[in-house]
Amino acid sequence: MNKTLALIQKDRVWLTIAACTGAVACTVLLFELRFENVFVLPGYGLVEGLWLLLPLLAALLAGFQVAREHLSRTSEYVRQRAITPQHLYWSQTVAAVTVLLSWPVVAVALLWLRELVFGFGAAGADARGWGILAAGTSLGLATHALTLFVLTLPLAWVGRVALGILTAIALLALQSVLVSFEPPWLVFALLHGGLALALWMVARVNSCTPHDPDRPLPRSLLLVAAPLVAVCAALFGAIVTSSWEASSLQRLQMQRPWIVEIAPDQLALVRPVRAGVQEILDEGLAPTGRLASGRSLGNETLAPRPAEPRFDPFDVRSVYHWQRNQTLWIRGGVRNVELTPWGSVRIIDRLESGRSAWALERPGSGRFSKRAFLREARRFSIDQELLFLIDPESPGIWRIDAETPPVLVPLPLPGGERPVKVCSANLGVNPTHTAGNDWVDVVVGEQHAWQLTIDGWQPVESSRVLQPFTLTLHDADPFQPDVEVLSSGGQRLRHRYTLATGKEMFLAGLTCVGAVLRPLPLALFAATQDYDDIGRSLPHETRWLFDPLLGGGFAWLLAPSALLCLLLATLARRELRQRGASHARANSWAAVILVGGVFGALVVSLIETRRAWRAPARSAPLPVVIRAA
Amino acid sequence: MTNAIEFRGVRRHFGQQEVLRGLELAVKPGEVFALLGRNGSGKTTALRILLGFLKPHEGEAFILGRPSAALTSADRERIGYVAEGQHLYPELRVCDLLRFEAETRTRFEPALAERELARAGLPLEKHVWHLSRGQRAQVALILVAATSPEVLVFDDPAMGLDVVMRRQLLDTLIELLAERGCAVLFSSHILTDVERIADRVGILHGGALIVDAPLDELKRRVQKRQWIPRKVNGHGAEPLVDGLLRARKVSEAYELTLLDLDEAREATLRAGATHVSEPLVPDLEELFLDLTTGTENSR
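1. Here's the deal with the overall build of chain A
Thought 1: Broken down by element type, chain A carries 16 helices and 21 strands.
Thought 2: Out of the 629 residues in chain A, the part that is buried amounts to 50%.
Thought 3: In chain A, 63% of the contacts between residues at least 6 apart in sequence involve partners at least 24 apart.
Thought 4: Surface exposure of chain A reaches about 28,400 Å², of which carbon and sulfur atoms provide 62%.

2. Side note on helix α11 (residues 502-517) of chain A
Residue and element names in this part refer to chain A.
Thought 1: Over its 16 residues, α11 extends 22 Å from the first C-alpha to the last, a length consistent with the 22 Å expected when each residue adds 1.5 Å.
Thought 2: Listed in full, the buried residues belonging to α11 are Glu504, Leu507, Ala508, Thr511, Cys512, Gly514, Ala515, Val516 and Leu517.
Thought 3: Looking at the buried residues of α11, the elements they touch are α10 (219-255), β2 (266-274), α14 (558-579) and α15 (583-607).

3. Points about the sheet that holds strand β1 (residues 5-14) of chain B
Residue and element names in this part refer to chain B.
Thought 1: The four strands are arranged β2-β1-β4-β5 in an open sheet whose pairing can be described as antiparallel. Looking at strand neighbours, the two that pair on one side only are β2 (17-27) and β5 (66-67), the edges of this open sheet.
Thought 2: Here β1 pairs with strand β4 (residues 58-63) via five bridges, running antiparallel. Within the sheet, the bridge partner assigned to Arg11 lies in β4 and is Glu58.

4. Topic: the domain arrangement of chain B
Residues and elements named next belong to chain B.
Thought 1: Here the domain parsing of chain B yields domain 1 (5-206) and domain 2 (218-298).
Thought 2: The distance between the C-alpha centroids of domain 1 and domain 2 comes to 37 Å.
Thought 3: Facing the nine residues of domain 1 at the interface are nine residues of domain 2.
Thought 4: Of the roughly 850 Å² buried at the junction of domain 1 and domain 2 (both faces included), carbon and sulfur atoms supply 75%.
Thought 5: A per-residue breakdown of the area domain 1 buries against domain 2 is headed by Leu191, Glu195 and Ile203, which together make up 55% of the total.
Thought 6: At the junction of domain 1 with domain 2, the criterion picks out one salt bridge.

5. Structural notes on the pattern of salt bridges
Thought 1: The full count for this structure, using the stated rule, is 45 salt bridges over all chains.
Thought 2: Here Glu575(A) ties to Arg610(A) by a salt bridge, and the two come within 3.5 Å at their closest N and O atoms. Residue Glu575(A) is located in helix α14, and its partner Arg610(A) is located in helix α16 (residues 610-613); the two are separated by 35 residues in the primary sequence.
Thought 3: Residue classification places Arg610(A) among the exposed residues on the basis of a relative accessible area of 52%.
Thought 4: Between Arg200(B) and Asp212(B) there is a salt bridge; the shortest N-O distance is 2.4 Å. One end of the pair, Arg200(B), is in strand β9 (residues 200-205); the other, Asp212(B), is in strand β10 (residues 208-214), and 12 residues separate them in sequence.
Thought 5: When its relative accessible area of 10% is taken as the criterion, Arg200(B) is described as buried.
Thought 6: Exposure remark for Asp212(B): the relative accessible area of 10% places this residue in the buried category.
Thought 7: Members of the salt-bridge network, linked through shared partners, are Lys10(A), Asp11(A), Arg68(A), Glu69(A) and Glu91(B).

6. Here's the deal with the packing of helix α1 (residues 3-10) of chain A against helix α3 (residues 94-104) of chain B
Thought 1: Contact geometry for α1(A) and α3(B): axes closest at 9 Å, N-to-C directions at 155 degrees. Judged by the inter-axis angle, α1(A) sits roughly antiparallel to α3(B). The two elements α1(A) and α3(B) cross, and the hand of that crossing is left-handed. Along the contact surface, α1(A) presents Lys3(A), Ala6(A), Leu7(A) and Lys10(A), while α3(B) presents Phe100(B), Glu103(B) and Thr104(B).
Thought 2: Its residues assigned to classes, the contact of α1(A) with α3(B) shows three nonpolar, one polar and three charged.

7. Points about the interface of chain A and chain B
Thought 1: The interface of chain A with chain B comprises 43 residues on the first partner and 52 residues on the second.
Thought 2: When the two sides are added together, the surface that chain A and chain B hide from each other amounts to roughly 4,400 Å², 54% of it contributed by carbon and sulfur.
Thought 3: It is Gln80(A), Leu622(A) and Ile626(A) in chain A that bury the most area against chain B; as a group they hold 19% of the surface buried on that side.
Thought 4: Between the two partners, chain A and chain B, sit five salt bridges.
Thought 5: A salt bridge links Glu76(A) to Arg48(B); the nearest nitrogen and oxygen atoms lie 2.4 Å apart.
Thought 6: Our enumeration of links across chain A and chain B arrives at 21 residue pairs in polar contact (both at pLDDT 80 or more).

Conventions used here
Residues numbered from 1 in each chain as written. Chains lettered and ligands numbered in written order. Predicted model: local features only at pLDDT ≥ 70, side-chain atom pairs only at ≥ 80, totals over all residues. Heavy atoms only, no water. Helix = DSSP H or I, 4+ residues; strand = E, 2+ residues; numbered from the N terminus. Buried < 20%, exposed > 50% of the residue type's maximum accessible area, 1.4 Å probe, protein only. Contact = heavy atoms within 4.5 Å. Areas by Shrake-Rupley, 256 points an atom, 1.4 Å probe, with all protein chains shown as cover. Expected span 1.5 Å × (residues − 1). Pairing = 2+ DSSP bridges. Domains from an automatic or database assignment. Buried area = accessible area lost by both parts, 1.4 Å probe. Salt bridge = Lys/Arg side-chain N within 4 Å of Asp/Glu carboxyl O. Axes fitted to C-alpha atoms, helices over the stretch in contact; angles between N-to-C directions. Parallel < 35°, antiparallel > 145°, perpendicular 65-115°, else oblique. Left-handed = near helix turned anticlockwise from the far one by under 90°. Nonpolar A, V, L, I, M, F, W, Y, C, P; charged D, E, K, R; others polar. Polar contact = N/O pair within 3.5 Å; in protein donor to acceptor, adjacent residues only side chain to side chain.

So this is what it looks like as structure tokens:
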């Protein structure tokens, strides 16, 4: 037995406990998710479940790894032997990683054994299932490495926690961008594995550098810490300021008068008085004293929303329709229908007689678009339900019913009409009396509205269809939008909003503060992007990279943003120089602040503490009273 | 001869508190040095700096001629250390600890350790958490002794040991190792042990070593006298003499602790007194109290 094994063996009790706990948790999770959702036709639940559980367990494992010698107060006992700190660190890390890897392996093995006897057995082995497992495990490894990196930072605990949160959010931000490109699971796993390796290496340096609160960060660590802090602070800052601005803008819009259809042919600007009742305003936005109620144009549509093009909510391309999972009652059980992120329809029947799974491709072109969605048609009997699937990109409609094996039956609108909207229609009388709701979903084509019945599409009178407002933004200014609304009765109302009240001005100011605090490099980038256009070309997950003000006509906010960064960097540099820091160190942190802005400055203040640079007044040692003659 | 242990102007502070103020100390091979001091005087800090677990803010410490900050794993093999509290892995059995020591220390002698454990009546199959505090201390000391170190550093090794164990184990081990030429540096609060074991004593006070001398020399040079001052105009004089370490007033008289009292100084002392008692040799505890609780002015 060599030293490494001896070091691992001394921890065998704790490692066994960790291995068993994690394996049980993973096994329970995979059993809960069900075999077919893991290996036959992988579902989203698997991704979400693994991504929640494994990182959590991995973080706990890393926490234990760091605390292990401290808890038994044996840090010095274990160091005082022929073992280098690096050897000790890598032995502990290898043991922890082995435990972590054993969790999914044990859980999967148990799941397979059970299925070989009772279920799908070796028949189901979708490569994507393995890919998702590998990606989930790699995320666990990355979380372990990140936690280890954070907990071993040679900083005070407040600094470690702050830098940990900063790094974790920055990595999540990068991950959101990565996910938006839909990389294969293997790429995802490799990237996270690489990240984990890099973080373990840095954590090794950290763990061999004892924290001394009375000394500045060692120069060797500064070379690693400064660029890392700069990047993380910039990403963190972009996320925070983006949320700040979105929240302020939304609150501003909700403060404003509403546009309400008070009669089929009449639109008015109102202020809400109480639930469902509004007071009508005149053209100067002064209250008229007249009360009314009616359908309101959602004020949130006034705020710039780059994540989604300004489709009206009923448009088939609108995000409001994104229902991608539906369960049907069929004879003898249930049928789960899911539109997968990889563009197929996943159907799993869970019947008393057994389970079956199918993956249906889009007839012809192979993949359904990301905007495809499922809708339930009116129920005809307790075990006879109909689903229809609409793909707004390269338009098409398909029916999914209770047949076995399931098929996608093309269901074009009569006359070859293209589906334009999905609306609600009040049919007045429920023909089957199986449900008390008279409102049903109808598909509005270019000319007519249609309801899906057991016999196919049936026309619906247009007067029964709830018609949406049509909103036109003549000027998409974030604070003073010029809007025109067309009511269902054909009436138009055009209004340019202004910052009319003190509260609106305050909220606008708050939004501007968010834009000014955005880290400079990302602010510069955002200023070059037209915020109104990006939603059409970029996925929702990357929205934090862009700025509704800087990219919406307020690029001048870059000037105060740059001034603020310069000021903070100059002050920090001067302060550090006064404390005794070298030119190189002071310049490094100043550069970090220029990149990370206020967020960078906060982290620098946590790293370069006053205490680290302030030595007590030197006092002369007491004289030796008795010395050997 | 190269010193086995050496501190050269070591300074260390925690926040605004200066714990070590230019510590100077040297221990020769084969010498047993006792580091004394009140709680918080910096003993543990000094020992941790010596072993490279803590960096000094100024100065340097050396052990076996190597700077403490650059000790290699091979150097650590030659050094035995038992930290304050003698912490071991509680979930391991004693035999597991022996195996662990054997795998991670090339100089470890399992036979020696087993023999000493058996002599102390410590069962190998028992888990550490089932051992009493004293038994744990014994295990820790035996494990260190079985590595045949060239330098032994103990931070309060007698903590948790009863009188019998201290005599049987601690004294025996330290003397055995010292005979083999091992330098021993230990801190302790039990001054009777120190008097029995140590060759040399250092008292750490105010972050510096205020006493650094062999024990017998200390006893030879320091003495206590009772001194009753002569009254002038109804007021008694104050004892003013070179070498006065401490003057404690007891009723009308003073209890004086004096260093290197020669004839001339004694004459000065007698000149201002109605009575001066015969010299008494203070024990280490009294000397420690005199030096660490008296006002600095009195020195």
